[in-house]
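Observations on the model geometry
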Amino acid sequence: MDLELEDPRQDEVQVKLAASGLCHSDSHHMTGDIPVGTYPFALGHEGAGVVTKAFPNSKGIKEGDHVVFTALPACGHCRWCATGQQNLCDLKAGILAGPRWTDGTYRVHTTDGAPVGQMCGISTFLADTTVSLNSVVKIDDDIPLDKAALVGCGVSTGWGSSVNLARVQPGDTVIVMGIGGIGVSALQGAAHAGALNVIAVDPLPFKQETAKVFGATHAAASIEEAAELAKQFTGGYGADSVVICVGLRDSRVTGQALNAIRKGGTVVVTSVSPHSDGDAPIPLSDLTLSQKHLVGSMFGGTSGNWDVKRLLNLYRSGALKLDEMITQTYSLDDIQQGYHDLRAGKNIRGIVVFD
């Protein structure tokens, strides 16, 4: 549908989108598994583009600059930002409300004047969008924008889940559950950190084979099969860590992952659950007596203003695969087909490419 877009205000920029990744989180909002604060709600939170309007600002971002959107805004001065945890910035509380978190106003409206919510304050499924400076990172012009877009959410989340939160060490045995855009990034992070055995878990043969392109040494159809493999590699102890990246986590998955790790091992919960989901059955006595670690993952524990550039430098050097992640490209008109393919398990990452 056609929408009206306001010009940027102070500390905002307007961006013409080049590409947007089709992340599973948007699908959760479509189905109602994760409700939002304003309807209609313009989706999309993983993208990159070119700045078309900007005021002079503290980041030095100007018209013509190439930028990546970060799924989570970072103010730079709250307790979390100041201690290197930008993924926990206080601004995060408003990313699904719809209006700008600073003053409750909207930058997008329908043609009859009704407000339209912006996912994460950015809405990368809009051909043009107006966003806060807190949500953009300037990148070098030589990096393809369609590849750079992936770092705005999925790659940072998956890579960070292995490197920052599972704290994978050289020689580790790691299991990654769910081989989509986040899962293959978790595989790459684990391999880059020096894991000796990286076991991908997915029921689809296509994804099991694809996982080997991204650093998996082995693949399994179930967590039970992966757990047995991990025991073979570790003298019966189990995996050092499990990173859960399945598309929609049900209540059983966390317990299965905890059963697959050794004493003192770590389970990182990167997947989301429906807000209506109740308590997860987990082996509490084993959690205590085996001193296991259960860790949540928000954006992989990354700090966008630094990690976006770091990951793109790894891509530039050949240490991070982004081109291979893109299974299919779509026009904006075909976005529903893109999400149909995502749910059918046909894509590692589909992206919308704008004219």
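Predicted model only: the values in this text are computed from it and were never measured.

Some details on the overall build of the protein
In terms of regular secondary structure, the protein is built from eleven helices and 17 strands. Against the compact-globule benchmark of 20 Å for 355 residues, the protein has a radius of gyration of 20 Å, which places it among compact chains. Overall, the C-alpha framework of the protein stretches about 60 × 40 × 40 Å when taken along its three principal axes. Within the protein, buried positions represent 55% of all 355 residues.

Description of helix α7 (residues 223–233)
Along an α-helix, residues three or four positions apart point the same way, because every turn accommodates 3.6 residues. Where α7 is concerned, the buried positions are I223, A226, A227, L229 and A230. The buried side chains of α7 occupy one side of the element, clustering within an arc of 160° when seen end-on. For α7, the elements touching its buried residues are β10 (173–177), β11 (197–201), β12 (218–220), β13 (239–244) and α8 (253–260). Backbone geometry just after α7 places G235 at a positive phi near 70°.

A look at helix α11 (residues 335–343)
Listed as buried for α11 are I335, G338, Y339, D341 and L342. Projected down its long axis, α11 shows its buried positions confined to an angular sector of 155°, all on one face. Against the buried residues of α11 lie α1 (24–31), β16 (326–330) and β17 (349–353). Immediately beyond the C-terminal end of α11, within one or two residues, lies G345, with a positive phi of roughly 75°.

Some remarks on the pairing of strand β14 (residues 261–269)
Pairing analysis gives five bridges linking β13 to β14, with the strands arranged parallel. Bridging from a neighbouring strand, V242 pairs with V267 of β14. In the classification by handedness, the crossover that spans β13, the intervening α8 and the parallel β14 is right-handed. Across four bridges, β14 lies against strand β15 (residues 293–296) in parallel orientation. Bridging from a neighbouring strand, V269 pairs with G296 of β15.

With respect to the side chain of R100
Take R100: it is sitting in the loop between α2 (79–82) and β6 (108–110). Other than its neighbours up to four places away in sequence, R100 contacts E12, T105, R107, Q118, G121, T130, V131 and S132.

A few points about the layout of surface pockets
Gaps left between atoms are located by rolling a probe of water-molecule size over the structure's atoms. The volume enclosed by the second largest pocket comes to roughly 590 Å³. Surrounding the second largest pocket, 20 residues form its lining, M1, L3, A42, F125 and L126 being those nearest its centre. Secondary structure elements with two or more residues in the lining of the second largest pocket: β1 (3–5), β3 (41–42), β6 and α11. When residues in the lining of the second largest pocket are grouped by element, the largest group, three residues, is from β1. Tallied by class, residues from the lining of the second largest pocket come to 15 nonpolar, two polar and three charged.

Things to note about the pairing of β11
Most of β11 sits out of view: five of its five residues are buried. Neither face of β11 is left uncovered, since the one carrying N197, I199 and V201 and the one carrying V198 and A200 both have all their residues buried. Where β10 and β11 come together, five bridges link them in parallel fashion. The residue of β11 that forms the bridge with V176 is A200.

Brief notes about unusual backbone geometry
In this chain, Y39 is followed by P40 through a cis amide linkage whose omega measures 0°. Structurally, P40 can be placed in the loop between α1 and β3. Non-glycine residue Q291 carries a positive phi angle of around 50°. Structurally, the position occupied by Q291 is in the loop between α9 (284–289) and β15.

Describing the pattern of salt bridges
According to the stated counting rule, one finds 17 salt bridges in the structure shown. The residue K138 makes a salt bridge to D65 at a minimum N-O spacing of 3.7 Å. With a gap of 73 residues between them, K138 in strand β9 (residues 136–139) and D65 in the loop between β4 (47–54) and β5 (66–69) connect regions that are remote in the sequence. Given a relative accessible area of 33%, K138 falls into the partly exposed group. Residue R316 pairs with D140 through a salt bridge whose shortest N-O separation is 3.0 Å. Within this pair, whereas R316 is found in helix α10 (residues 304–317), its partner D140 is found in the loop between β9 and α3 (145–148), the two being separated by 176 residues in sequence. Connected through salt bridges with shared partners, the residues E6, R9 and D103 form a single ionic network.

Things to note about the nonpolar core
A general feature of soluble globular proteins is that nonpolar side chains tend to end up buried together. With 44 residues, the main nonpolar core has V155, V176, I179, L187, L312, L320 and L322 as its most contacted residues. At the level of elements, β9, α3, α4 (154–165), β10, α5 (181–192), β11 and α10 are the ones that each hand at least two residues to this core. Dropping the residues within four chain positions of it, L322 is found in contact with K147, L150, V151, V155, L312 and Y315. Counting 37 residues, the second largest nonpolar core, distinct from the first, contains L17, L22, C23 and V136.

Some thoughts on the packing of α4 against α5
Contact geometry of α4 with α5 gives a least axis separation of 7 Å together with a crossing angle of 40°. When the axes of α4 and α5 are compared, the pair comes out oblique. The element α4 and its partner α5 pack so that their crossing is right-handed. Contacts from G154, V155, T157, G158, W159, S162 and V163 in α4 reach G181, I182, S185, A186, Q188, G189, A190 and H192 in α5.

The rules behind these values
Residues numbered from 1 in each chain as written. Predicted model: local features only at pLDDT ≥ 70, side-chain atom pairs only at ≥ 80, totals over all residues. Heavy atoms only, no water. Helix = DSSP H or I, 4+ residues; strand = E, 2+ residues; numbered from the N terminus. Rg over C-alpha atoms; globule rule 2.2 N^0.38 Å. Buried < 20%, exposed > 50% of the residue type's maximum accessible area, 1.4 Å probe, protein only. Arc of directions from axis to C-beta. Contact = heavy atoms within 4.5 Å. Pairing = 2+ DSSP bridges. Right-handed = clockwise from strand over helix to strand, strands pointing away. 1 Å grid on protein atoms, 1.4 Å probe; cavity = no way out; pocket = protein on both sides within 12 Å on 5 of 7 lines; lining within 4 Å. Points joined across faces, edges and corners; volume = space filled by probe spheres on them. Nonpolar A, V, L, I, M, F, W, Y, C, P; charged D, E, K, R; others polar. Salt bridge = Lys/Arg side-chain N within 4 Å of Asp/Glu carboxyl O. Core = buried A, V, L, I, M, F, W, Y, C linked by side-chain atoms within 4.5 Å. Axes fitted to C-alpha atoms, helices over the stretch in contact; angles between N-to-C directions. Parallel < 35°, antiparallel > 145°, perpendicular 65-115°, else oblique. Left-handed = near helix turned anticlockwise from the far one by under 90°.

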